[in-house]
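Report on the structure
What follows is the residue order along each chain.
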Amino acid sequence: MKSATEKASPTAVPLAQFTGYFLWLGTVGFGGPIALAGRMQQDLVDGRGWVSREDYVEGLALAQLAPGPLAAQLAMYLGYVRAGVLGATLVGAAFILPSFLMVLALSAAYVRYGGLSWMQAVFYGIGAAVIGIIARSAHKLTKLTLRKEPLLWGIFVVLAVSTAWTSREIIWLVVAGGVINLAVKAIPRRKPALAGFVLPLGLALPASGPVLQIFLFFAKAGLFVFGSGLAIVPFLYGGVVEGHHWLNDRQFVDAVAVAMITPGPVVITVAFIGYVVAGVTGATAAALGVFLPVYLMVVLLAPSYKRWAKNPQLKAFVRGVTAAATGAIAGSVIVLARRSIYDWPTALIALITLAVLFKWKAPEPLVIAVAAMAGLVLRGHILWLGHGSPLYRY
């Protein structure tokens with residue numbers, strides 16, 4: 001009979017085979033960061049035994065503590081455990097590449113055919129459904145991160161209201177959420193190393209030049225994603241639509257929709273934005289920018305991770321930032337709804353989407369597909385009525 005130590009030892013597999021799993025997961029993995037993380041545990045820990053439970057749990061904790069989309073960071077950490085920097089690099093690239101290529105194809109079709117009635121009709125339905133999906137995700141994150149802690153709820157409400165009111169994610173308020181929770185819950189004996197390094201760096205990065213500007217903007221964005229990739233949405237809206245004017249309101253909602261209908265990390269939506277602004281080069285710069293902080297967090301912090309992972313000050317700071325980010329997501333629901341829900345059919349699609357997700361937990365790609373069909377049906381009916389219909393505008 002095997003001992004507990006032997007049971008915990010992972011099965012040795014070639015790096016190519018290990019990397020191939022993440023290429024497959026990036027191709028078929030839908031459902032958001034929690035679902036993807038759960039799939040990794042089911043397949044790699046419980047099923048194939050390629051990763052020890054201890055390594056998985058430590059990687060999941062790192063992904064929750066450090067900035068960056070959770071699923072991508074967990075994948076890179078497991079790659080690092082398997083083969084150091086090379087493993088993190090190969091696994092990260094394999095996990096992100098399939099969804100990046102899919103988004104490139106969708107972006108090219110969108111830019112080329114976006115003016116055609118059939119594509120407008122598709123995104124008419126999808127844009128409304130996205131509001132329901134984000135609202136459901138905000139609810140799930142609220143239950144997961146805030147629990148019954150009044151201080152975290154207060155931070156959440158402040159960010160939700162400020163984001164809905166200003167249509168921007170106010171970064172200093174997000175940082176303040178972490179500092180306030182840190183001060184109240186765990187007054188530090190020394191400064192948390194991660195927060196002291198990451199946040200000033202993100203605020204200080206310059207942004208000039210076309211493609212370089214895209215790269216640096218999305219690198220900043222990557223520094224403020226905690227847990228769910230949807231946390232990047234309010235930050236992006238403020239910069240992409242309100243700040244740089246790279247996209248209009250309708251295009252931004254379509255960008256979020258593209259992320260919903262492709263597998264892999266939700267933050268791959270940045271590739272769509274980059275493509276609309278500067279083609280394939282812009283898409284590549286945006287994707288590299290948003291995932292660079294994730295990659296650096298892994299390769300720089302993983303070697304010393306066990307020393308600082310249980311630091312109570314760091315945990316308190318991250319919990320405050322996460323509560324703030326969750327509030328910003330909730331506020332962004334209102335911001336995006338004002339742009340996507342402007343008549344009774346779009347309101348109905350959003351409400352039905354929300355109801356379906358709450359009651360049956362239907363897969364999001366399926367919901368998006370049904371919404372797209374509804375858009376085609378509605379727009380077809382509208383076009384038959386003629387230009388005088390109030391639904392004709394897109």
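Cut-offs applied
Residues numbered from 1 in each chain as written. Predicted model: local features only at pLDDT ≥ 70, side-chain atom pairs only at ≥ 80, totals over all residues. Heavy atoms only, no water. Salt bridge = Lys/Arg side-chain N within 4 Å of Asp/Glu carboxyl O. Helix = DSSP H or I, 4+ residues; strand = E, 2+ residues; numbered from the N terminus. Buried < 20%, exposed > 50% of the residue type's maximum accessible area, 1.4 Å probe, protein only. Contact = heavy atoms within 4.5 Å. Phe/Tyr/Trp six-rings, centres within 6.5 Å; stacked < 30°, edge-to-face > 60°. Lys NZ or Arg CZ within 6 Å of the ring centre and 35° of its normal. Patch = residues over 30% accessible without salt bridge, like charges linked within 9 Å, V, L, I, M, F, W, Y side chains within 5 Å. Areas by Shrake-Rupley, 256 points an atom, 1.4 Å probe, with all protein chains shown as cover.

1. Some details on the pattern of salt bridges
- Tallying each qualifying case throughout the model produces 3 salt bridges.
- A salt bridge links Arg250 to Asp254, with the nearest nitrogen and oxygen atoms 3.3 Å apart. A residue pair is termed a helical-turn pair when its members lie 3 or 4 positions apart in one helix, as Arg250 and Asp254 do in helix H12 (residues 249-260) at 4 residues. Taken individually, Arg250 and Asp254 each receive the classification buried, so the pair is uniform in this respect.

2. Quick word on the environment of Leu159
- Within the fold, Leu159 resides in helix H7 (residues 150-166).
- Judged by relative accessible area, Leu159 falls into the buried class, the value being 1%.
- Sequence separation of Leu159 and Thr326 is 167 residues, and the distance between their C-alpha atoms is 8.2 Å.
- Residue contacts for Leu159: discarding those within four places in its chain leaves Ile170, Leu173, Val174, Ala324, Gly327 and Ala328.

3. Let's talk about the side chain of Thr142
- Here Thr142 shows up in helix H6 (residues 117-145).
- The residues touching Thr142, leaving out its near neighbours within four places in the chain, are Arg147, Trp153, Phe156 and Thr326.

4. A look at the packing of aromatic side chains
- The tally for this structure, following the rule as stated, stands at 11 aromatic pairs.
- Judged by centre distance (5.4 Å) and plane angle (80 degrees), the ring pair of Tyr237 and Phe252 falls under edge-to-face. Taken together, the positions of Tyr237 in helix H11 (residues 232-243) and Phe252 in helix H12 put the pair 15 residues apart, joining distant regions of the chain. Like Phe252, Tyr237 is buried.
- The structure contains a cluster of three or more aromatic residues connected by ring pairs, namely Phe18, Tyr21, Phe22, Trp24 and Trp50.
- Lying across the ring of Phe358, Arg136 places its NZ or CZ 4.5 Å from the centre.
- The side chain of Lys359 reaches across the aromatic face of Trp360, ending 5.7 Å from its centre.

5. Comments concerning unusual backbone geometry
- In this model, His245 sits at a positive phi of 60 degrees, which is unusual for a non-glycine residue.
- Tracing the backbone shows His245 in the loop between H11 and H12.

6. Focus on a nonpolar patch on the surface
- Residues Tyr113, Trp118, Met373 and Leu376 make up a contiguous nonpolar surface patch of roughly 390 Å² in combined accessible area.
- Mapped onto the secondary structure, Tyr113 falls in helix H5 (residues 70-113).

7. With respect to the environment of Ala129
- Note that Ala129 resides in helix H6.
- By relative accessible area, Ala129 is classed as buried at 0%.
- In this structure, the C-alpha to C-alpha distance between Ala129 and Leu351, residues 222 residues apart in sequence, is 8.2 Å.
- With sequence-adjacent residues up to four places away left out, Ala129 is seen in contact with Ile349, Thr353, Ile368 and Ala371.

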